[in-house]
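This is what each chain is made of:
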Amino acid sequence: MLEAAPTIHQLLQSSLQLYEQVLAAEQMDVQWERRGLLFVYQDKHHFEAYHEVDQLLSQQFGVPAVAYAGEAVRELEPALKPGLAGGWHYPGDCHLRPDRLMQQLRQRLEQRGVTIVEQAPMTDFLRSGSQVVGVKTAACEIPGDCFVVATGAWTPLLSEALGVRVPIEAGKGYSITTTRPPIVPQIPLILEEHSVAITPFHDGYRIGSTMEFAGLDERLNPQRLELLRSGARHYLAEPYTDQVQEEWYGWRPMTWDGKPVVDRAPAAGNVWIAAGHNMLGLSMAPATGKLVAELIDGEVPHINPHPLSLRRLQWA
Ligand SMILES: Cc1cc2nc3c(=O)[nH]c(=O)nc-3n(C[C@H](O)[C@H](O)[C@H](O)COP(=O)(O)OP(=O)(O)OC[C@H]3O[C@@H](n4cnc5c(N)ncnc54)[C@H](O)[C@@H]3O)c2cc1C
């Protein structure tokens with residue numbers, strides 16, 4: 001993971017800046033907030049052991065956390081239960097409401113004349129000589145002069161069309177969105193021993209987690225959902241409400257080295273792959289988009305693309 005960290009750090013830092021620029025320029029209300037991220041511990045040894053990680057992140061990446069031992073963590077975040085060991089706070093972290101982001105991006109794109117074709121999975125490319133000139137879907141054919149395949153955990157299903165097997169595994173995670181509990185956290189939390197994430201929204205509240213490698217399995221497993229609720233109960237005075245807005249699963253596109261692929265596909269010179277963003281696809285999205293655009297336009301890329309090559313994954 002340390003090998004992947006410098007590139008991921010660059011993608012995250014660049015994306016943070018780009019989110020702030022784009023949200024301001026487009027006047028998008030996606031519940032963007034800079035409240036940081038708080039890692040919370042029940043166990044004193046786990047809390048203290050994080051010191052070593054903090055040292056490494058401070059020294060190598062300039063990202064220090066602030067430690068809050070014992071009851072100090074509850075002074076910082078009063079929604080926590082008493083008796084916890086402590087927490088590490090990254091004050092620079094931001095969060096947003098992803099469904100709002102998608103709605104508003106869609107609206108802005110359509111206003112600029114972009115056509116979004118849904119429920120039409122691409123099955124193959126249309127070729128003319130060595131170039132790809134369109135995509136085939138079950139419903140229609142769509143012509144184009146450049147193609148970016150950003151199909152997340154589904155990318156291996158397109159191996160034949162792409163001319164390469166991209167080793168991405170689906171890492172299934174779940175979330176439950178409820179109304180806001182009466183005592184709601186102000187800071188997004190990672191409940192460390194239970195690997196549960198808590199995200200407060202202006203109009204909702206989300207508990208998310210779990211990592212299941214079961215292929216593209218579409219079932220919503222009630223036991224996994226219960227793990228989210230029980231994890232939250234260990235740390236929070238009011239862990240959730242019974243007014244559920246959504247129970248959800250998604251597939252994280254996992255690569256064995258933790259880095260995404262941003263590279264040209266062997267299929268043709270005008271086909272690009274941007275997939276495999278593991279657990280941080282939302283956080284790395286703007287920089288990935290910018291990098292892809294730079295590569296297609298032949299500009300000097302703002303992030304070195306070599307660590308994101310397809311070739312590095314091809315030995316397995
Ligand atoms: C519970 C959970 C919590 C998460 N929390 C965070 C978080 O806090 N921060 C963060 O940054 N990330 C988080 N992630 C990870 C993030 O969701 C992924 O990294 C991200 O969605 C990957 O984006 P993507 O666009 O590459 O793929 P996806 O979002 O999976 O999108 C791929 C799209 O391609 C479409 N598609 C597939 N096949 C075809 C085809 N043949 N033709 C046309 N379209 C096709 C799919 O329908 C889908 O819409 C979380 C994930 C989960 C499951």
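Residues numbered from 1 in each chain as written. Predicted model: local features only at pLDDT ≥ 70, side-chain atom pairs only at ≥ 80, totals over all residues.

Description of the overall build of the protein chain
- Counting its regular elements, the protein chain contains seven helices and 14 strands.
- What you see for the protein chain is a C-alpha radius of gyration of 21 Å, in line with the 20 Å of a compact globule of 316 residues.
- Looking at the 316 residues of the protein chain, the share that counts as buried comes to 28%.
- Restricting the contact set of the protein chain to residue pairs at least 6 apart, pairs at least 24 apart contribute 68%. (Helix = DSSP H or I, 4+ residues; strand = E, 2+ residues; numbered from the N terminus. Rg over C-alpha atoms; globule rule 2.2 N^0.38 Å. Buried ≥ 20, exposed ≤ 12 C-beta atoms within 10 Å, placed from the backbone. Contact = placed C-beta atoms within 7 Å.)

Side note on the site of the ligand
- In the vicinity of the ligand, 22 residues are found, and the nearest of them are Gly152, Gly173, Gly250, Gly281 and Leu282.
- Elements represented by at least two residues in the shell around the ligand include exactly β8 (169-178), β12 (244-254) and α7 (281-297).
- Taken domain by domain, the shell around the ligand gets at least three of its residues from each of domain 1 (37-91 + 176-254) and domain 2 (112-168 + 257-313). (Near = placed C-beta within 6 Å. Domains from an automatic or database assignment.)

Quick word on the domain arrangement of the protein chain
- Per the domain assignment, the segments making up the protein chain are domain 1 (37-91 + 176-254) and domain 2 (112-168 + 257-313).
- Its C-alpha centre places domain 1 at a distance of 32 Å from the equivalent point of domain 2.
- Listed as interface residues are five residues of domain 1 and, on the opposing side, 10 residues of domain 2.

Looking at the sheet that holds strand β13 (residues 261-264)
- Here we have three strands laid out as an open sheet, ordered β7-β14-β13, and mixed in their pairing. A single partner strand is all that each edge strand has here, and the edge strands are β7 (147-149) and β13. Mean inter-strand twist for the sheet, computed between neighbouring axes without regard to direction, equals 15°.
- In this fold α7 packs onto β7, β13 and β14 (271-275), with an angle of close to 165° to the strand it touches most, β14. (Pairing = 2+ DSSP bridges. Axes fitted to C-alpha atoms, helices over the stretch in contact; angles between N-to-C directions.)

Here we look at the sheet that holds strand β4 (residues 122-128)
- Taken in spatial order, the three strands make up an open sheet running β4-β5-β6, and their pairing is antiparallel. Each having just a single partner strand, β4 and β6 (141-143) make up the two edges of the open sheet. When the angles between neighbouring strand axes are averaged without regard to direction, this sheet yields 30°.
- Bridging between strand β5 (residues 131-137) and β6 involves three bridges; their strand directions are antiparallel. By the bridge assignment for β6, Lys136 is matched with Glu141.

Details of the nonpolar core
- Val149, Leu162, Val166, Ala265, Val271, Trp272 and Ile273 are the most contacted members of the largest nonpolar core, which has 32 residues in total.
- Only α1 (5-25), β5, β7, β13, β14 and α7 provide two or more residues apiece to this core.
- With five residues, the top contributor of residues to this core is β14.
- Contact partners of Val271, with chain neighbours within four places excluded, come to Phe125, Val132, Phe147, Val149, Arg264 and Ala265.
- Of all hydrophobic cores here, the second largest spans 28 residues; its members include Leu38, Phe39, Val40 and Trp88. (Core = buried A, V, L, I, M, F, W, Y, C linked by C-beta atoms within 7 Å.)

Remarks on α1
- Compared with an ideal rise of 1.5 Å per residue, which puts 21 residues at 30 Å, α1 spans 30 Å between its outermost C-alpha atoms and is within 8% of the ideal.
- The elements touched by buried residues of α1 are α7.
- Gln27 sits one or two residues past α1 and shows a positive phi near 50°. (Expected span 1.5 Å × (residues − 1).)

Focus on helix α2 (residues 44-61)
- Taking 1.5 Å per residue as the helical rise, α2 with its 18 residues ought to reach 26 Å, and the 26 Å between its terminal C-alpha atoms agrees with that figure.
- Of all bends in α2, the biggest is about 25°, found at Glu52.
- The element α2 is largely exposed, with a buried count of one among its 18 residues.
- The first or second residue beyond α2 is Gly62, which carries a positive phi of 65°. (Bend = angle between axes of the 7 residues up to and from the residue.)

Focus on the environment of His194
- As for its position among the elements, His194 is in the loop between β9 (189-191) and β10 (196-201).
- On the basis of neighbour counts, which here come to 17 C-beta atoms within 10 Å, the residue His194 falls in the partly exposed class.
- Sequence spacing of His194 and Gln42 is 152 residues, and the spatial spacing of their C-alpha atoms is 9.6 Å.
- What His194 contacts, discounting residues up to four positions off in sequence, is Gly231 and His234.

Observations concerning the pairing of β10
- For β10, the tally of buried residues reaches six of six residues, placing the bulk of the element in the interior.
- Covered by surrounding structure in β10 are Val196, Ile198 and Pro200 together with Ala197, Thr199 and Phe201, the residues of both alternating faces.
- Counting the residues in the hairpin turn of β9 and β10 gives four residues, including Ser195, whose phi is positive at 50°.
- As paired elements, β10 and strand β11 (residues 204-212) share six bridges and run antiparallel to each other.

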